[in-house]
Amino acid sequence: MFLLFLDNGEIKMASTKTWALLAIVLVVIIVVGAVVYYVTLPVEPETEKTKVACLLPGSINDHGWNQAWFTALQVAETELGVETAYSEAVTVADAGGVFIDYAQRGFDLIWCLDFGMSDAAIAAAEDYPESTFAVPWYGVHGEPPKENIVGYVQGEGPTPGKGIQDASYLAGILAAGLTESGIIGVYGAMPAIPVVAFMEGFKIGAKTYAEENSMALKCLQQFVGAWEDVSAGYETTVSFIDAGADLIYCIGDGISFGGIMAAKAEGGVYVIGGAGDQRPIDPEIIVASIDYDIPKEMLIMTEAVMNGTAAEWGSTSKWVEVGGNFLIDWDEVSDIVSSDLRTRIEDAQEDLLDGTIEVPFITEITPPLDYTP
Amino acid sequence: MTLSPLFSVKILLSKLLVPIVSVLLAFGIGAICILICGANPLVAYASIITGSLGSVTRISETLVKTTPILLTGLCFLVASKAKVFNIGGEGQLYMGAIAVVVTALTLPPLPSILFIPILMLIGFLAGATWAFIPGILKAKLRVNEIITSVLLNYIPILLTEYLVLDAMREGILPQTAMIPSSAKLPIFISGTRAHAGLLIGIASALVLYIIFEKTVLGYEIEATGENAGAATAAGIKVNNIFLISICIGGGLAGLAGVGEICGVQWRLKSGISPGYSFYGVAAALLGKNHPLGTILSSLLFAALITGAESMQRGAGVPISFAYLIQGILIICVLGGEILTRKMGLR
């Protein structure tokens, strides 16, 4: 290892000992600078605001689930004046410590935003009764009510017409109406119940449209096995495209992003986005998005914590639902959707909301759709 | 034997000063990066310190992470003493975890005093068996163990995915059932997650220290690593040494899997290790490939990981910068290693 320097007009190289000396000098400068800087640092006063934190499994700029919750935090901060914090890319292995840390720092509401972290959230809730923990799907399948654990769900039962299966049903109609090859594809992260319900709702919607129009339709399906793995989503989408699919619907975080990248790279393929408005990523590829109203969910629960009513939710296993506009946001639908198809979907949306049609909430995956009239 | 003499200036420089300067330099460069991202490096580093050592809970979280880093660090260390580079600690950790969960859910619940040693043995054997594959390929066919051990990481990770999604899935979530209570490692700081796995890690380091200091096997491993040709000429069966060292290492990584299952997660699920074994490699290097040094460096990396989460929360530094600092630390450690050699300090 050498350093170049001039000696009487001649370029010479410093020895490794000079390097070592330089490194030590640099360290001394940094340490002295740090001490001076630290003693002049202003001290920020403690606040008494309600504190809300989110543990995110992925990145806040994923244009999906994680970004939607980050946005929701900002909404809560603006509208309710709460103090917020978040942790990105929290792993299953690290989650326990992060929950405990937030609880110890006096956070009043802590959102667990990944199924894999649920155990850690429930364990932390046991030790820190002063904090309320929002845990996905807690209580839906008979988990015992706890004062400081609130389950939250996307759809199922409590909100007819606004469940995850309902939004996917509309996406299925849209996909079947747009495909030219007669082959569409859907993939999710893993066979957790909400993901299955989402995929099955899509297949039901697609089949409904195919039956109405006497068209042959295949729907490829796959579980990718991960939420955040961009390359896994990419590879799955490429395999769908190789099998003839020209419209892809995906739910997940990084996997969804990977699918969009693959569709862009391969060309001639459209994507329906999920878990937030993903059209800004690429409006030419993404024809529509299923948009969760996560800020509303955030506001409901934060207000409950601020009003001291959060314990009622936990003790009764009531669920905070993803409410509001859980269906396709028509302001953000691509121009390639014909007016007939748009009308068909709008009718279906009305039927869902007034209960004329009810999409079953299916929890076990069924074989891929292969419909021939 | 190269472990004991500590009194020469050269050794002091090599063993202590260079690693310390490397770490400080890394933090200095990291501070510049944090400044560039618009955050205050002192607040960030203060968050790391308070986040990893600021309370009993934070210390316990650091200790929780120290355990797998230490055991996988020892996994790398023991093989690298024989100049076998086992980068498959991650897969060996997962194999240990899988074996433990399968055993714990298959056997009838036993008393802890019996159950935990059985599970440790099973985990050790599972990890060692997985390490045996690159070991035997290296010993018999001279296949590069770096490549085989890295590639063998993926199989147990994907096998875990399969088990939790399908074959051993319990309930709506992708995870197995919980292991019996008697299979759980005791918590040694009440109200925290600090479990007895750390004691297993420290005991393993001490055993390795004794092996390298006091036993013929330790001598043979080091002699093989120093000069395999000379070791062969001296009658040492170097192929056996390759195999033994990598298998001992694999077993230790398997024990890391035992610690994660019986001490932290209590069931198998995806992502139980966020790449602990790769931190383990860096810890072994920073610890100068010394078992006791690796304990300290594992503690440092664990503090850095735990503190990085706090840095994100406390100082608003994006998590990617926390990873960046970890990367800079590893580069500086390796740079210090090269500098040490260039200066003839080892």
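Residues numbered from 1 in each chain as written. Chains lettered and ligands numbered in written order. Predicted model: local features only at pLDDT ≥ 70, side-chain atom pairs only at ≥ 80, totals over all residues. Heavy atoms only, no water.

Enquirer: Residues and numbers for the overall build of chain A, please.
Expert: Scanning chain A for helices and strands turns up 11 helices and 14 strands. Across the 373 residues in chain A, those meeting the buried criterion constitute 55%. For chain A, long-range pairs separated by at least 24 residues make up 68% of all intrachain contacts whose partners lie at least 6 apart in sequence. Total accessible area computed for chain A in this model is approximately 15600 Å², and 54% of it derives from carbon and sulfur atoms. (Helix = DSSP H or I, 4+ residues; strand = E, 2+ residues; numbered from the N terminus. Buried < 20%, exposed > 50% of the residue type's maximum accessible area, 1.4 Å probe, protein only. Contact = heavy atoms within 4.5 Å. Areas by Shrake-Rupley, 256 points an atom, 1.4 Å probe, with all protein chains shown as cover.)

Enquirer: Lay out empty space enclosed by the protein with the relevant residues and their values.
Expert: Residues and elements named next belong to chain B. In this structure the tally under the stated criterion is three cavities of 30 Å³ or more. In this model, the second largest cavity occupies a volume close to 40 Å³. Lining the second largest cavity, in full, are Val-18, Pro-19, Ser-22, Leu-285, Leu-286, Lys-288, Val-333, Gly-336 and Glu-337. Elements supplying a minimum of two residues to the lining of the second largest cavity: helix 1 (9-36), helix 12 (276-286) and helix 14 (319-342). Tallied by class, the residues present in the lining of the second largest cavity amount to five nonpolar, two polar and two charged. (1 Å grid on protein atoms, 1.4 Å probe; cavity = no way out; pocket = protein on both sides within 12 Å on 5 of 7 lines; lining within 4 Å. Points joined across faces, edges and corners; volume = space filled by probe spheres on them. Nonpolar A, V, L, I, M, F, W, Y, C, P; charged D, E, K, R; others polar.)

Enquirer: Break down the environment of Ala-245 of chain A for me, with residues and values.
Expert: Relative to the assigned elements, Ala-245 of chain A resides in the loop between helix 7 (230-242) and strand 10 (247-250). Apart from the residues within four sequence positions on either side, Ala-245 of chain A is in contact with Ser-181, Ile-183, Ile-184, Gly-185, Leu-220, Phe-240 and Val-269 of chain A.

Enquirer: Which residues make up helix 9 (residues 294-306) of chain A, and what values do they have?
Expert: Residue and element names in this part refer to chain A. For helix 9, spanning 13 residues, the distance from its first C-alpha to its last is 18 Å, which sits close to the expected 18 Å at 1.5 Å a residue. Within the span of helix 9, buried status applies to Ile-294, Glu-297, Met-298, Leu-299, Met-301, Thr-302, Ala-304 and Val-305. Two residues or fewer past helix 9, Gly-308 is found with a positive phi of approximately 75°. (Expected span 1.5 Å × (residues − 1).)

Enquirer: Pulling in residues and values, what's your account of the pattern of salt bridges?
Expert: Side-chain pairs of opposite charge can arise where the charged atoms are in close proximity. Using the criterion set out here, one finds 13 salt bridges over all chains in the structure. A salt bridge links Asp-101 of chain A to Arg-58 of chain B; the shortest N-O distance between them is 3.7 Å. Of this pair, Asp-101 of chain A sits in helix 3 (residues 92-104) while Arg-58 of chain B sits in helix 3 (residues 56-80), on two different chains. Residue Asp-101 of chain A shares its accessibility class with Arg-58 of chain B, and that shared class is buried. Of the charged contacts, one joins Arg-344 of chain A and Glu-212 of chain A as a salt bridge, the two residues approaching to 2.6 Å between their closest N and O atoms. Note that Arg-344 of chain A is positioned in helix 11 (residues 339-354) and Glu-212 of chain A in helix 6 (residues 193-212), a separation of 132 residues in sequence. A single salt-bridge network, built from bridges that share partners, covers Asp-94 of chain A together with Glu-61, Lys-65 and Arg-193 of chain B. (Salt bridge = Lys/Arg side-chain N within 4 Å of Asp/Glu carboxyl O.)

Enquirer: Please set out the packing of helix 4 (residues 89-106) of chain B against helix 11 (residues 238-265) of chain B residue by residue, giving values where relevant.
Expert: To describe two helices that pack against each other, one gives the angle between their axes and the distance between the axes. Residue and element names in this part refer to chain B. Two numbers describe how helix 4 lies on helix 11: the axes approach to 7 Å, and their chain directions differ by 55°. For the element pair helix 4 / helix 11, the angle class is oblique. Between helix 4 and helix 11 lies a crossing whose hand is right-handed. Across the interface between the two elements, Gly-89, Gln-92, Leu-93, Gly-96, Ala-97, Val-100 and Val-101 from helix 4 touch Gly-250, Ala-253, Gly-254, Ala-256, Gly-257, Val-258, Ile-261 and Cys-262 from helix 11. The residue inventory of the contact of helix 4 with helix 11, partitioned by class, reads nine nonpolar, six polar and no charged. (Axes fitted to C-alpha atoms, helices over the stretch in contact; angles between N-to-C directions. Parallel < 35°, antiparallel > 145°, perpendicular 65-115°, else oblique. Left-handed = near helix turned anticlockwise from the far one by under 90°.)

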